Amino acid sequence: MTLHLKKGSSRKSAYDLKNPLDEQIETHTLAVLVDNEAGVLARVIGLFSGRGYNIESLTVAETDPEGHRSRITIVTTGTPAVIEQIKAQLGLIIPVYRVNDLTVEGPSVEREMALLKVAGQGDKRVEAMRLADIFRANVVDSTLESFVFEITGTPEKIDAFTDLMHPLGLTDIARTGVAAMARGA
Amino acid sequence: MSREMTGAEIVVTALKEQGVDTVFGYPGGAVLPIYDAIFQQNDIKHILVRHEQGATHAAEGYARATGKPGVVLVTSGPGATNAVTGMTDALMDSIPMIVLSGQVPTFMIGNDAFQEADTVGITRPCSKHNWLVKDTDELAETIHQAFHIATSGRPGPVLIDIPKDVQFASAPYKTKAKAPTTHYKPQVKGDLAEITRAVEAFEQAERPIIYSGGGVINSGVAASQLLRELVAGSNAPITSTLMGLGAYPASGDNWLGMLGMHGTVEANLAMHGCDFMLCVGARFDDRITGRTDAFSPDSFKVHMDIDPSSINKIIHVDVPIIGDIGHILEDFLKVWKSRGRKTKSAAIKKWWSQIEEWQATKCLDFKNSDTIIKPQHALQRLEALTKNMDRYITTEVGQHQMWAAQYLNFDDPHRFMTSGGLGTMGYGLPASVGVQVAHPESLVINIAGDASFLMNMQEMGTAVQFNLPVKQFILNNERLGMVRQWQQLLHGERYSQSWSEALPDFVKLAEAFGGKGILVDDPADLDEAIKEMLAYDGPVILDCVVEKHENCFPMIPSGKAHNEMILCDEETADAIDAAGKTRV
Ligand SMILES: Cc1ncc(C[n+]2csc(CCOP(=O)(O)OP(=O)(O)O)c2C)c(N)n1
């Protein structure tokens, strides 16, 4: 894997070289290509919990059944130094083939899917339906007193939709976590 | 198609093909087929330890004394869990180790069967990689891959969990050449552009220092030779971590002694005051850096390391060079020579005169006594009486370990084995067993504390059974000395639980195991006692009764910088502030 190391050339202290912005917390989306072998997810998750890193979201599924490869998409937060450590540490896991930091490697697209169950009657039910329309959510199940909406979009869009559904009778929500990919060929 | 073998035979055949001559292990129900296969051959010697932790440390000692991976064989459940400490130790100190563990049969996994433990789950964070092999067909290739992973890149422990039915079932044997390989191929050559940048800065250095670590030793003897060549050619001063001792000879002209928490004044002040630091195979561990925001404030830093995750983890460096130390040093020297071996020799001379002033503090001097043996004196005498011998030293963990690093001289790599990263009491005796197995004719001494020695003392039985004449040099202060020192300096002399109460009679203990025991408590008898220990052809415990409240100095108190060292008891008052107390 390639490392993105900050290199200074000043002859001052290493600490003077530290970018003052370093202490800022950043959110990065990492795409990790792994061998789909037993325990690989446990290794990745164990790395994050063992070293005190954050996982905002994590998705995993086999993406190349013939090559037995899976793609894990992790959204994580940390200072730039911590993000570099996370990538380097992921690179040490034997079944990890590649670590791509989609946040720094150029523009990328991120999508998440969610299912929301909204229970209600009368005006609230109508309003939920109307908002779902605006957000391009699909109804995948309905009874006389409930809907299950399927919505796809950026995590922010899903957050916004969820916020709106709360007062309208949101009873259950399932989110997939983020899948992400670099733009362009 | 090669011949069918049972899983157990595959294990033994694969080990042989990998050049294994020794296995450290302990049998049990889930590995009986492998023990049966071991019984029916003579190429691989099995050393029966007395506790599986002992097997792991013995394998570490063997590995560090030979440069080859150490191999451990344990049963399921408690056998495997007992191996966890040694695996963690090997992970922290980058020691190549292959642990083979038995497991309950595949059809019983998950049933809470007798002696079942989730061994791969338990050892995942303390191994470089591990496998549960569910199919005999995959066993040979897994073992071959395990050796590759344990020994390449940054070395470390791996574990292969082998269910009993997999050991019984048959499959064709796959040789190393035929087995599928892994994609794991760590970078060994350093980036030439970075190396050139490092050389350019090195040429300009007026106050250079070379700070070397265990990575030089792991890389092989050639790396130590190249390091020596670089030091000799540039006249740069050199210091080393605990793990790196011996890569540059302690008798060498440019040697400043060990650095870090109990390092020498000259090494630590040179680290603090240098304008160029070449870190060769070390990792800026907290025992080395002290307070990181005051660490070597004015230097241009070059970091050579095989592990990309070591770069910028603790200290931000100016030039990172990832690769094997031997390869990097070779290229570094090539580039430096091709540019005309430039150094700022006049400035470096001036730098040396500054360093000589620091050396004049003679920080390792101590008040000797003619009534009670000072631990430092005991080690100085041991050094004097053994220095020309073919000698290997292991240590336990505590004050005696730091004194061993300070007062014994190591002129070659692979001669000093100690638990650095994990600080495992109980490491030294089994490690000495492993070293002696690897070098039956050499002198192997474990420098021990009374408390540490008791942690794995059962391995005296192994030493006696296999005629391993290991010497246990116990600096007996009847205290958990290092704990006591911290309590004295940090906790108002409240010595909570740091007494070694009810110590055994070590002479009788040695005799009970079938070895020789010697007691010495008078400085006048010390030399004779050491000579008696050396002359005896068999395992010896030398119970060297020393000053009880001696402190280990110099010391950089936790939370302090390199230039805030304390040198002696008189300087300890208020040396450590509240923030320092919260650190380890
Ligand atoms: C397994 C383990 N438990 C606890 C410790 C904490 N510890 C570090 S040094 C020390 C005291 C060691 O005493 P001793 O072996 O007698 O050596 P001394 O310091 O007296 O030379 C202890 C308890 C440790 N390092 N390892």
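Use the structure listed above.
Enquirer: How should I be thinking about the overall build of chain B in this particular structure?
Expert: What chain B contains, in helices and strands, is 24 helices and 20 strands. In terms of overall size, chain B behaves like a compact globule, its C-alpha atoms giving a radius of gyration of 24 Å where 584 residues would be expected to give roughly 25 Å. With the C-alpha coordinates aligned to their principal axes, the bounding extent of chain B is approximately 70 × 60 × 45 Å. In chain B, the proportion of contacts linking residues at least 24 apart, taken out of those at least 6 apart, comes to 76%. Summed over its atoms, the accessible surface of chain B is roughly 21400 Å², and 51% of this surface lies on carbon and sulfur atoms. Taking the average place of the 50 positive charges on the side chains of chain B and the average place of its 71 negative ones, the gap between the two points comes to 5 Å.

Enquirer: I tried to follow the overall build of chain A on my own but got confused; where do I start?
Expert: Looking only at helices and strands, chain A has five helices and nine strands in total. Along the chain direction, N to C, the helices and strands of chain A fall in the order α-β-α-β-β-α-β-β-α-β-β-α-β-β. Residues classed as buried in chain A amount to 39% of the 185 residues present.

Enquirer: Just to check I follow, could you spell out the packing of aromatic side chains for this structure?
Expert: Each pair of aromatic rings is reported with the distance of its centres and the angle of its planes. Under the definition given, this model contains 17 aromatic pairs over all chains. On the basis of an interplanar angle of 90° and a centroid distance of 5.9 Å, the ring pair of B:Phe366 and B:Tyr407 is categorised as edge-to-face. Note that B:Phe366 is positioned in the loop between helix 15 (345-359) and helix 16 (375-386) and B:Tyr407 in helix 17 (residues 399-407), a separation of 41 residues in sequence. Clustering of aromatic rings is evident, with ring pairs tying together B:Phe202, B:Phe276, B:Phe300, B:Phe332 and B:Trp336. One Lys or Arg, A:Arg69, reaches over the ring of A:Tyr97 and ends 3.5 Å from the middle of that ring.

Enquirer: What is the right way to read the site of the ligand from this model?
Expert: Residues and elements named next belong to chain B. Among the 17 residues in the neighbourhood of the ligand, the closest are listed as Gln 399, His 400, Gly 423, Ser 452 and Gly 481. Within the side chain of His 400, one N or O atom sits 2.8 Å away from an oxygen atom of the ligand. Between the ligand and Gly 423 there is a distance of 2.8 Å, counted from a nitrogen atom to a backbone nitrogen or oxygen. Across the complex, the protein chains shield 76% of the 580 Å² of accessible surface that the ligand would expose by itself. At the level of secondary structure, the elements contributing two or more residues to the shell around the ligand comprise helix 17, helix 19 (450-455) and helix 21 (481-490).

Enquirer: Would you mind going over the packing of helix 4 (residues 123-134) of chain A against helix 5 (residues 155-165) of chain A with me for this structure?
Expert: Working note: a packed helix pair is described by the angle between its axes plus the distance between those axes. Residues and elements named next belong to chain A. As a packed pair, helix 4 and helix 5 sit with axes 10 Å apart at the nearest point and diverge in direction by 170°. With respect to helix 5, the element helix 4 is oriented roughly antiparallel. On the side of helix 4, the interface is formed by Ala 128, Leu 131 and Ala 132, while helix 5 contributes Phe 161, Leu 164 and Met 165.

Enquirer: I would appreciate a short explanation of the sheet that holds strand 4 (residues 96-101) of chain A in the present structure.
Expert: Residues and elements named next belong to chain A. Sheet architecture is open: four strands sit in the order 2-3-1-4, paired in antiparallel fashion. What marks the edges here is a single partner per strand, and that holds for strand 2 (57-64) and strand 4. Averaged over all pairs of adjacent strands, the angle between their axes in this sheet comes to 20°, without regard to strand direction. In the packing of helix 2 (residues 40-50) onto the sheet, contacts are made with strand 1 (26-35), strand 2 and strand 3 (69-78), and the angle to strand 3 comes to roughly 10°. Running at roughly 5° to strand 1, helix 3 (residues 80-92) makes contact with strand 1, strand 3 and strand 4 of the sheet.

Enquirer: In this structure, what is going on with helix 12 (residues 265-273) of chain B? I would like to understand it.
Expert: At 3.6 residues per turn, the α-helix brings residues three or four places apart onto the same side. All names here are of chain B. With eight of nine residues buried, helix 12 is to be regarded as a mostly interior element. Taken together, the buried positions of helix 12 are occupied by Val 265, Glu 266, Ala 267, Asn 268, Leu 269, Ala 270, Met 271 and His 272. In this structure, the buried side of helix 12 is in contact with strand 9 (208-212), strand 10 (238-240), strand 11 (255-258), strand 12 (276-280) and helix 15.

Enquirer: Please explain the sheet that holds strand 10 of chain B as it appears in this structure.
Expert: Sheets are built from strands paired through backbone hydrogen bonds, the pairs being either parallel or antiparallel. Residues and elements named next belong to chain B. Sheet architecture is open: six strands sit in the order 11-10-9-12-13-14, paired in parallel fashion. With one partner strand each, in any of the chains shown, strand 11 and strand 14 (319-322) form the two edges of the open sheet. In this sheet, adjacent strand axes meet at a mean angle of 15° when their direction is disregarded. Of the strand pairs in this sheet, strand 9 and strand 12 are connected by five bridges, and their pairing is parallel.

Enquirer: Would you mind going over the side chain of B:Glu203 with me for this structure?
Expert: Residues and elements named next belong to chain B. By secondary structure assignment, the location of Glu 203 is in helix 9 (residues 192-204). By relative accessible area, which is 5% here, Glu 203 ends up buried. Engagement of the side chain of Glu 203 in a polar contact is seen with the side chain of Arg 339, the distance being 2.7 Å. Not counting chain neighbours up to four residues away, the residues in contact with Glu 203 comprise Trp 336, Arg 339, Lys 342, Thr 343 and Lys 344.

Enquirer: I would appreciate a short explanation of the nonpolar core in the present structure.
Expert: All names here are of chain B. Counting 106 residues, the largest nonpolar core has Ile 447 and Phe 473 as the members making the most contacts within it. If you tally residues by element for this core, the top one is helix 14 (residues 325-338), at seven residues. Those residues within four positions of Ile 447 in sequence are excluded, and the remaining contacts are Leu 379, Leu 382, Ile 393, Thr 394, Thr 395, Glu 396, His 400, Ala 404, Leu 408, Phe 473 and Leu 475. In terms of nonpolar packing, the next biggest core, distinct from the first, is built from 39 residues, Val 72, Phe 453, Met 460 and Ile 474 among them.

Enquirer: I would appreciate a short explanation of the pattern of salt bridges in the present structure.
Expert: Pairs can form between side chains of opposite charge once their charged atoms are near each other. All names here are of chain B. Taken as a whole and judged by the stated rule, the model has 27 salt bridges over all chains. Close ionic contact of Arg 287 with Asp 286 constitutes a salt bridge, the shortest N to O distance being 3.1 Å. Taking the relative accessible area as the measure of exposure, Asp 286 reaches 47% and is therefore partly exposed.

Enquirer: Sorry if this is basic, but what is going on with the environment of A:Arg130 here?
Expert: Residues and elements named next belong to chain A. Within the secondary structure, Arg 130 is located in helix 4. You can call Arg 130 partly exposed: its relative accessible area is 46%. Considered as a pair, Arg 130 and Ala 160 are 30 residues apart in the sequence and their alpha carbons are 15 Å apart.

Enquirer: Where do I start with a nonpolar patch on the surface in this structure?
Expert: Residue and element names in this part refer to chain A. Nonpolar side chains collect at one region of the surface, where Met 113, Leu 115 and Val 140 lie side by side and expose about 220 Å² of accessible area between them. Looking at where Val 140 falls in the secondary structure, it is placed in strand 6 (residues 138-143). On the accessibility criterion, Val 140 (45% relative accessible area) is partly exposed.

Enquirer: When you look at helix 7 (residues 139-151) of chain B in this model, what are you seeing that I'm missing?
Expert: Residue and element names in this part refer to chain B. Taking 1.5 Å as the rise per residue, helix 7 with 13 residues should run 18 Å; its terminal C-alpha atoms sit 19 Å apart, in good agreement. Where helix 7 is concerned, the buried positions are Leu 139, Ala 140, Glu 141, Thr 142, Ile 143, His 144, Gln 145, Ala 146, Phe 147, Ile 149 and Ala 150. Buried-residue contacts for helix 7 involve helix 1 (7-17), strand 4 (70-74), strand 5 (97-103), strand 6 (129-132), strand 7 (157-163) and helix 8 (164-168). At the C-terminal side of helix 7, Gly 153 shows a positive phi close to 65°.

The rules we used
- Residues numbered from 1 in each chain as written.
- Chains lettered and ligands numbered in written order.
- Predicted model: local features only at pLDDT ≥ 70, side-chain atom pairs only at ≥ 80, totals over all residues.
- Heavy atoms only, no water.
- Helix = DSSP H or I, 4+ residues; strand = E, 2+ residues; numbered from the N terminus.
- Rg over C-alpha atoms; globule rule 2.2 N^0.38 Å.
- Contact = heavy atoms within 4.5 Å.
- Areas by Shrake-Rupley, 256 points an atom, 1.4 Å probe, with all protein chains shown as cover.
- Lys, Arg positive; Asp, Glu negative; His and termini not counted.
- Charge placed at Lys NZ, Arg CZ, Asp CG, Glu CD.
- Buried < 20%, exposed > 50% of the residue type's maximum accessible area, 1.4 Å probe, protein only.
- Phe/Tyr/Trp six-rings, centres within 6.5 Å; stacked < 30°, edge-to-face > 60°.
- Lys NZ or Arg CZ within 6 Å of the ring centre and 35° of its normal.
- Near = heavy atom within 4 Å.
- Polar contact = N/O pair within 3.5 Å; in protein donor to acceptor, adjacent residues only side chain to side chain.
- Axes fitted to C-alpha atoms, helices over the stretch in contact; angles between N-to-C directions.
- Parallel < 35°, antiparallel > 145°, perpendicular 65-115°, else oblique.
- Pairing = 2+ DSSP bridges.
- Core = buried A, V, L, I, M, F, W, Y, C linked by side-chain atoms within 4.5 Å.
- Salt bridge = Lys/Arg side-chain N within 4 Å of Asp/Glu carboxyl O.
- Patch = residues over 30% accessible without salt bridge, like charges linked within 9 Å, V, L, I, M, F, W, Y side chains within 5 Å.
- Expected span 1.5 Å × (residues − 1).

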